[in-house]
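One-letter residues, chain by chain:
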Amino acid sequence: MKLFKNCLLAGLTALTLLGAAQVTTAQETDQVGRSTYLEALKGKKVIFVPISQGMDLNQAWVVVWQRHAARYGFSLEVRDPSGDTNAGIRAMQGAIAEKPDLIIVQNPDVQTYARLLKQAQAAGIKVLQVNMQSATQTDSYVGNDWIEMGRLEMGELAKHCTGPNAVSHKVVWLAGVQTGAANIYMRTGIDEVLKANPELQLVSDQPADYMSEKARQITETVLQQHPDLCGIMGIWDNAEVGAGAAVVAAGKQDQVTIVTNGAGSATGCESIKNGLLDVIFNFNAPIQAEIAAQQISELLQQPDRKAGSEKTIFFGPITRVDKTNATGRNCWKLDELK
Amino acid sequence: MAPSASGPNCTAHQKIEIAPAAPSRDGLVGGSRLKAAEELPDGRAAGRLPLGAGSEGGRTLAGSGKSDTARPGIKMSQELVVVAISAVLFVVFSATLNNFLSQGNILAILKNVSILGTLAVGMGFIVVGRGIDLTMVAVMVVGVAFSIWISTWGVDFTLAVICGAILVAVIGLFTGIMVAVAEIPPIFATLAIASSVYGSGRIVFASDVLYAPSDIGWLKFVGNGTILGIPMSVIIFAAVAALMGFFLRKTRFGRLVYATGDNPNAARTTGLPTRPIIVTQYVISALIAYTAGIIMLGLVTGIDTRLYNSSLIYDVLLVVVLGGIGLSGGQGGVRNVIVGTILVGILTNGMTILNFSYTSQNLIKSVILLGALAIDAIINPRDEQTSQSGDI
């Protein structure tokens, strides 16, 4: 009986000690640097000034960033000018006046915010630019390598529209907004490919202004002039569906190759399946957003680093998507990102 | 106002112009007075009945087309200037550009202006009544986006389109009431309403671009179908224009629109139901804008609500003003809209073929507009005899 009592006592003591030891271990095994990280991010203020929050890529970015913000305790405010450049300037001015810890900006063109970005940096606010750059370089840029994008798209057309089997060497570049960073840099890439493939003939170079109806009108007119058109390249899948509609209406979907780029949302994949588009160079907006989120946390963790003192650039991945791989992660839906 | 101040060929109507400035209620006296007017031998009186002094004879009759033919010789109106410019451009492009004159390209020109033209018919209708409707593009994109949005709940798409039409009509009704009853100047009322409509749409739909279901037969037909080789979009535009032309010229209501536009105060004083007329106008223009949106949905399978931020609404106004419908109301008609639309169509097509840059296209378009207005100002100078209250 006494033995049993002693055993029970010993067992209980052991258990208590073990439990205490476990508590102590739990207190001591905080992930290295995590609390410092949380401390650094907690209560920090980030303002995002997009071009328009109605675009698929913007929605993906913000969903991802909001997830980070909620998890790590910083605030993210979106000031959406909804495609209006003047409203964008006001949003930027307002953001600078509020002195947040970080401004994220998607530039409508290379000039509009150039001075405002300098002002922001002078006021000690760090600036992260996403996907659309300004003439002013700031702390960080995360987004596409647009020159490479131009090369890839025109390169794709070069594959189809050169050589003896090509229907013709005629190609079209449906631009976006001519002063936009994407447009300017893509053009550099396009010119490189055109130089390397002198037989390619650029028969039309018109901006569709990211509008599907404008893309349709230009394509319809060009198809009348060049019934043997071989390829069309564009700048945003949601606009080039208009070009696709014009090609389908002319019954030339087997003749004309339509190449564009996009954020990788499911609507783009649908357009490929519906035969409106052939190839989308998918820059996967959710992955871009994750890269940008790393930049957000880095910039917020370095409060003593002077704004604009170190400038970095991160290019996101680009995946070629056609009807063979228009599935799964190449076709995200917003709800899946949340 | 002294009746004698009316135009020289107005004498036949003087007897009915001595209207009692009685505090008649809208709509009560209008009908009977109109009957008296319609019984006049030349049948033109309805349009000019309430028009008081200060209106030039030719202008008060605009739209009926009869005054011009009654005059010896051809009056070089702005409409004719635009026709002349279009003809010159057409000949130059035909001579210099390959395939410009092909049947395919002519149809492409018409197809490409069908949306602009349809919107311009609606805008022209409002401007004739001395209004302006800056909500058209907002109503178009939000109405169509709304119908796609409710179809994503599982509602049958055709039913959803009808729901969209109802929403659009309600917006038009609200705009009309703001203009006619609350008497907010239309330019401000519609500017504000356009912004609220678009804003509400943006909050509800989340995305800028909404795609219609891909298996709707009639929608595909609107986009790609043809009747006797003519694209459906062109046929719809022509139908809207023809209906509007008939409505404006042949119906009593149409004549009342001219009367209201020419001199709203006089129209009201003489007992025309100006408020219901104005409200109806905005409902109709909203429905026309919606029709244009459906054409676009058929053509490109989706609707881009960012169109609200584009210059489309100004292009619509450009077509209306270019065609010769004065912003001061009471003049012009569907023919002017068609003339303006065709000029813009030819110009855009030619410049696209010539591969002009966007900036130079806009520059050329504005220079042509300015040129047309300048030529009109030289040919038909304005002075106190021809100007009208409310001229801008």
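On a predicted model such as this, the values are computed, not experimentally measured, just so you know.

Caption draft 1: Just the overall build of chain B, in detail. When helices and strands are tallied, chain B shows 18 helices and four strands. The buried share among the 392 residues of chain B stands at 52%. Summarising the internal contacts of chain B: among those between residues at least 6 apart in sequence, 78% fall at separations of at least 24.

Caption draft 2: View of the overall build of chain A. Looking only at helices and strands, one finds twelve helices and twelve strands in chain A. With respect to the three principal axes, the spread of C-alpha positions in chain A is 105 × 55 × 35 Å. Out of the 338 residues belonging to chain A, those deemed buried represent 51%. The contacts of chain A with a sequence gap of at least 6 include a subset with a gap of at least 24, amounting to 76%.

Caption draft 3: Representation of the domain arrangement of chain A in the model. Residue and element names in this part refer to chain A. Once the domains are mapped, chain A shows domain 1 (35-143 + 285-317) and domain 2 (146-282). Measuring from the centre of the C-alpha atoms in domain 1 to the corresponding centre in domain 2 gives 31 Å. Contact with domain 1, which involves eleven residues of that partner, is made by ten residues of domain 2. Here the side of domain 1 that touches domain 2 takes three residues from helix H3 (residues 56-72), the largest share from any one element. Among the residues forming the side of domain 1 that touches domain 2, the class breakdown is six nonpolar, three polar and two charged.

Caption draft 4: Spatial organisation of the sheet that holds strand E3 (residues 102-105) of chain A. All names here are of chain A. Across the sheet, which stays open at both edges, the six strands sit in the order E2-E1-E3-E4-E5-E11 with parallel pairing between neighbours. The open sheet has two edge strands, strand E2 (75-78) and strand E11 (312-315), and neither has a second partner. Each strand axis lies, on average, 20° off the axis of its neighbour in the sheet, ignoring direction. In the packing of H3 onto the sheet, contacts are made with strand E1 (45-49), E2 and strand E4 (126-130), and the angle to E2 comes to roughly 155°.

Caption draft 5: Structural context of the environment of B:Ala372. Residue and element names in this part refer to chain B. For Ala372, the location among the structural elements is in helix H18 (residues 358-379). According to the C-beta neighbour criterion, Ala372 is buried, with 23 such atoms within 10 Å. Placed 190 residues apart in sequence, Ala372 and Ala182 show a C-alpha to C-alpha distance of 36 Å. When residues no more than four places from it in sequence are discounted, the contact partners of Ala372 are Gln78, Val81, Val82, Ile85 and Leu322.

Caption draft 6: Just the interface of chain B and chain A, in detail. Listed by partner, the interface residues are 33 residues for chain B and 30 residues for chain A. Elements represented by at least two residues in the side of chain B that touches chain A include exactly helix H7 (103-128), strand E1 (209-211), helix H11 (217-224), helix H15 (274-300), strand E4 (302-304) and helix H17 (334-353) of chain B. Top element by residues in the side of chain B that touches chain A is H7(B). It accounts for six residues.

Caption draft 7: Representation of the sheet that holds strand E10 (residues 279-282) of chain A. Residues and elements named next belong to chain A. One open sheet accounts for six strands, arranged E7-E6-E8-E9-E10-E12; its pairing is mixed. Single-partner strands in this sheet number two, and they are strand E7 (201-207) and strand E12 (319-321). Averaged over neighbouring strand pairs, the angle between their axes works out to 20° when direction is ignored. Taken together, the four bridges between strand E9 (residues 257-262) and E10 define a ladder with parallel strand orientation. What sits directly across from Thr260, in E10, is Ile280.

Caption draft 8: Structural detail: H15(B). With 27 residues, H15(B) extends 39 Å between its outermost C-alpha atoms, agreeing within 8% with the 39 Å of an ideal straight helix rising 1.5 Å per residue. Residue B:Thr301 follows H15(B) closely and has a positive phi angle near 65°.

Caption draft 9: Structural detail: the environment of B:Leu173. Residues and elements named next belong to chain B. By the secondary structure assignment, Leu173 is in helix H9 (residues 157-180). Accessibility expressed as a C-beta count within 10 Å gives 15 for Leu173, which makes it partly exposed. For the pair Leu173 and Thr280, spaced 107 residues apart in sequence, the C-alpha separation works out to 7.3 Å. Those residues within four positions of Leu173 in sequence are excluded, and the remaining contacts are Val279 and Val283.

Caption draft 10: Inspection of the environment of A:Tyr141 at higher detail. Residue and element names in this part refer to chain A. Its location among the elements puts Tyr141 in strand E5 (residues 140-143). Between the C-alpha atom of Tyr141 and that of Val105, which follows or precedes it by 36 residues, the distance is 9.5 Å. When residues no more than four places from it in sequence are discounted, the contact partners of Tyr141 are Gln129, Gln133 and Ile313.

Caption draft 11: Molecular detail of the pairing of E10(A). A two-sided burial pattern is seen for E10(A), the buried positions comprising A:Val279 and A:Phe281 on one face and A:Ile280 and A:Asn282 on the other. In this fold, E9(A) hands off to helix H10 (residues 266-273) of chain A, which returns the chain to E10(A); that crossover is right-handed.

Caption draft 12: How the structure looks around helix H12 (residues 232-250) of chain B. Compared with an ideal rise of 1.5 Å per residue, which puts 19 residues at 27 Å, H12(B) spans 26 Å between its outermost C-alpha atoms and is within 8% of the ideal. Of the residues making up H12(B), those classed as buried are B:Met232, B:Ser233, B:Val234, B:Ile236, B:Phe237, B:Val240, B:Ala241, B:Met244 and B:Leu248.

Caption draft 13: How the structure looks around the packing of helix H8 (residues 212-225) of chain A against H15(B). Viewed as axis vectors pointing N to C, H8(A) and H15(B) meet at an angle of 65°, and their least axial separation amounts to 10 Å. Our pair here, H8(A) against H15(B), has a crossing hand that is left-handed. In contact with A:Ser212, A:Glu213 and A:Arg216 of H8(A), H15(B) contributes B:Met296, B:Leu299 and B:Val300. Considered class by class, the residues forming the contact of H8(A) with H15(B) number three nonpolar, one polar and two charged.

Caption draft 14: Spotlight on the packing of H3(A) against helix H11 (residues 285-301) of chain A. Residues and elements named next belong to chain A. Running from N to C, H3 and H11 point in directions that differ by 45°, and their axes come no closer than 8 Å. Taken together, H3 and H11 sit at an angle that is classed as oblique. For H3 against H11, the interelement crossing comes out right-handed. Where H3 abuts H11, its residues Asp56, Leu57, Ala60, Trp61, Val64, Trp65 and His68 lie against Ala285, Pro286, Gln288, Ala289, Glu290, Ala292, Ala293 and Ile296. A breakdown of the residues in the contact of H3 with H11 according to their chemical character gives eleven nonpolar, two polar and two charged.

Caption draft 15: Quick look at the nonpolar core. Ranked by internal contacts, the top residues of the largest apolar core, which has 198 residues, are B:Val139 and B:Val316. The two domains that each donate at least three residues to this core are domain 1 (35-143 + 285-317) and domain 2 (146-282) of chain A. Once you skip the residues sitting within four places of it in the chain, B:Val139 turns out to touch B:Val168, B:Ile171, B:Val197, B:Ala286, B:Ala289 and B:Tyr290.

Caption draft 16: The arrangement of unusual backbone geometry in detail. All names here are of chain A. Its identity is not glycine, yet Ser82 carries a phi of approximately 55°, on the positive side. In this structure, Ser82 sits in the loop between E2 and helix H4 (85-97). Overall, the presence of 20 C-beta atoms within 10 Å leaves Ser82 in the buried class.

Caption draft 17: Highlighting the pairing of E9(A). All names here are of chain A. Counting buried positions along E9 yields six of six residues, so the element is predominantly enclosed. Both faces of E9 are covered, namely the face carrying Thr257, Val259 and Asn261 and the face carrying Ile258, Thr260 and Gly262. In this sheet, E9 lies alongside strand E8 (residues 231-233) in parallel orientation, the contact comprising three bridges. Residue pairing for E9: Ile232 is matched across the bridge by Ile258. In this fold, the crossover linking E8 to E9 by way of helix H9 (residues 237-249) has right-handed handedness.

Caption draft 18: Examining the confidence of the model for chain B more closely. Residue and element names in this part refer to chain B. Residues at a pLDDT of 70 or more form 78% of chain B, whose mean pLDDT is 79. Per-residue pLDDT stays below 50 along residues 1-71; that stretch engages in 112 contacts with residues further than four places along the chain or on separate chains. Here the predicted complex scores 0.81 on pTM and 0.79 on ipTM.

Rules used throughout
Residues numbered from 1 in each chain as written. Chains lettered and ligands numbered in written order. Predicted model: local features only at pLDDT ≥ 70, side-chain atom pairs only at ≥ 80, totals over all residues. Helix = DSSP H or I, 4+ residues; strand = E, 2+ residues; numbered from the N terminus. Buried ≥ 20, exposed ≤ 12 C-beta atoms within 10 Å, placed from the backbone. Contact = placed C-beta atoms within 7 Å. Domains from an automatic or database assignment. Nonpolar A, V, L, I, M, F, W, Y, C, P; charged D, E, K, R; others polar. Pairing = 2+ DSSP bridges. Axes fitted to C-alpha atoms, helices over the stretch in contact; angles between N-to-C directions. Expected span 1.5 Å × (residues − 1). Right-handed = clockwise from strand over helix to strand, strands pointing away. Left-handed = near helix turned anticlockwise from the far one by under 90°. Parallel < 35°, antiparallel > 145°, perpendicular 65-115°, else oblique. Core = buried A, V, L, I, M, F, W, Y, C linked by C-beta atoms within 7 Å. pLDDT = per-residue confidence, 0-100.

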